[in-house]
Amino acid sequence: MKIKHIDHIGIAVKSIEQAGKFYTDVLGLNIQEIETVAEQKVNVAFIPITDSEVELLESVEPDGPVAKYIKSRGEGVQHIAFRVDDINQCLEELKAKGVRLIDQAPRDGAGGAKIAFIHPKETNGVLVEICERD
Ligand code: ZN
């Protein structure tokens, strides 16, 4: 498999409007776009930094995965995503190596990406996403 670079860091926040101010007003970055991923019950704010992005994740439902995450662990870094050039091949390779996966097959993520999560028990508690996008 070929890991290209860190695609994004996903940060769970209660409010994109409130949390975004640090990145815009203090760091001088721009929120490029805010997208709703209905399947994940989440709004995603994209903040590009060269090859990578910070993605602020805000739940749109009280029972969404990000809301549950904040309830149990508080706001903060929720996952880290590695860009791969071929997600299907990467998943096959991970399976062949006996790595436990949350997603056995790619699904649609924000920004038109194909994504899959590796089980955090394999990564010392870090939720790792692999993603492929053009
Ligand atoms: Zn992500």
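For every chain, the first residue of its written sequence is number 1, and the numbers climb from 1 along that sequence. For a predicted model such as this one, the threshold for reporting local features is a pLDDT of at least 70, and the threshold for listing and counting side-chain atom pairs is 80 or more; totals across whole chains, interfaces and linings nevertheless cover every residue. Side-chain numbers come from the whole structure's heavy atoms, not from hydrogens or water.

(A) Representation of the overall build of the chain. Helix and strand definitions here come from DSSP, where helices need a minimum of 4 consecutive H or I residues and strands a minimum of 2 consecutive E residues; each element is numbered from the N-terminal end. Within the chain, the secondary structure is distributed over 3 helices and 8 strands. Reading the helices (α) and strands (β) of the chain from amino to carboxyl end gives β-α-β-β-β-α-β-α-β-β-β. Based on C-alpha atoms, the radius of gyration is set beside the globule rule, defined as 2.2 Å times the residue count to the power 0.38. Taken over C-alpha atoms, the radius of gyration comes to 15 Å for the chain, in line with the 14 Å a tight globule of 134 residues would show. Dimensions along the principal axes, computed over C-alpha positions, put the chain at roughly 45 × 30 × 25 Å. For the chain, buried positions account for 41% of its 134 residues. When checking whether two residues touch, look at their non-hydrogen atoms; a contact exists if any pair is within 4.5 Å. Excluding contacts between residues fewer than 6 apart, the proportion of contacts in the chain whose partners are at least 24 apart in sequence is 52%. Exposed residues in this analysis have more than 50% of their type's maximum accessible area, buried residues have under 20%, and partly exposed residues fall in between, with area computed by a 1.4 Å probe over protein chains only.

(B) Spotlight on the coordination of the zinc ion. For the zinc ion, the protein coordination sphere consists of His-8 (NE2), His-79 (NE2) and Glu-129 (OE), at 2.0 to 2.1 Å. Each metal site lists N, O and S donors within 2.8 Å (3.2 Å for Na, K and Ca). With water left out of the atoms, a site can look as if it is missing ligands. In terms of primary sequence, the donors binding the zinc ion are separated according to H-x70-H-x49-E. Highlighted residues: His-79 in strand 5 (residues 76-84) and Glu-129 in strand 8 (residues 128-132), separated in sequence by 50 residues. In this structure, His-79 and Glu-129 share a single accessibility class: buried.

(C) Looking closely at the side chain of Glu-53. Note on placement: Glu-53 falls in strand 4 (residues 52-59). Residue class for Glu-53 comes out buried when judged on its relative accessible area of 14%. Setting aside anything within four residues of it in sequence, one finds Glu-53 in contact with Asp-7, His-8, Ile-9, Gln-32, Phe-46, Ile-47, Pro-48 and Arg-133.

(D) Representation of the pattern of salt bridges. We define a salt bridge as a side-chain nitrogen of Lys or Arg found within 4 Å of a carboxyl oxygen belonging to Asp or Glu. Per the counting criterion, the structure on display carries 10 salt bridges. With a shortest N-O distance of 3.6 Å, Arg-133 and Glu-55 are connected by a salt bridge. Within this pair, whereas Arg-133 is found in the segment after strand 8, its partner Glu-55 is found in strand 4, the two being separated by 78 residues in sequence. The exposure class assigned to Arg-133 is buried, which follows from its relative accessible area of 17%. In this structure, Glu-92 and Lys-95 form a salt bridge, with 3.6 Å as the shortest nitrogen-oxygen distance. Residue Glu-92 and its partner Lys-95 are located together in helix 3 (residues 87-96), separated by 3 residues, close to a single helical turn. Owing to a relative accessible area of 48%, Glu-92 belongs among the partly exposed residues under this scheme. With a relative accessible area of 33%, Lys-95 lands in the partly exposed category. Connected via shared salt-bridge partners are Asp-7, Glu-53, Glu-55, Arg-83 and Arg-133.

(E) Focus on the sheet that holds strand 4. The sheet built from 8 strands is open, its strands ordered 2-3-4-1-5-8-7-6 with mixed pairing. The open sheet has two edge strands with one neighbour each: strand 2 (33-37) and strand 6 (107-108). Here the rule is simple: two strands pair whenever DSSP picks up at least two bridges between them. Note that strand 1 (residues 3-13) and strand 5 share 8 bridges and pair antiparallel. The residue of strand 5 that forms the bridge with Ile-9 is Ile-80.

What is shown is where atoms sit, not what they do.
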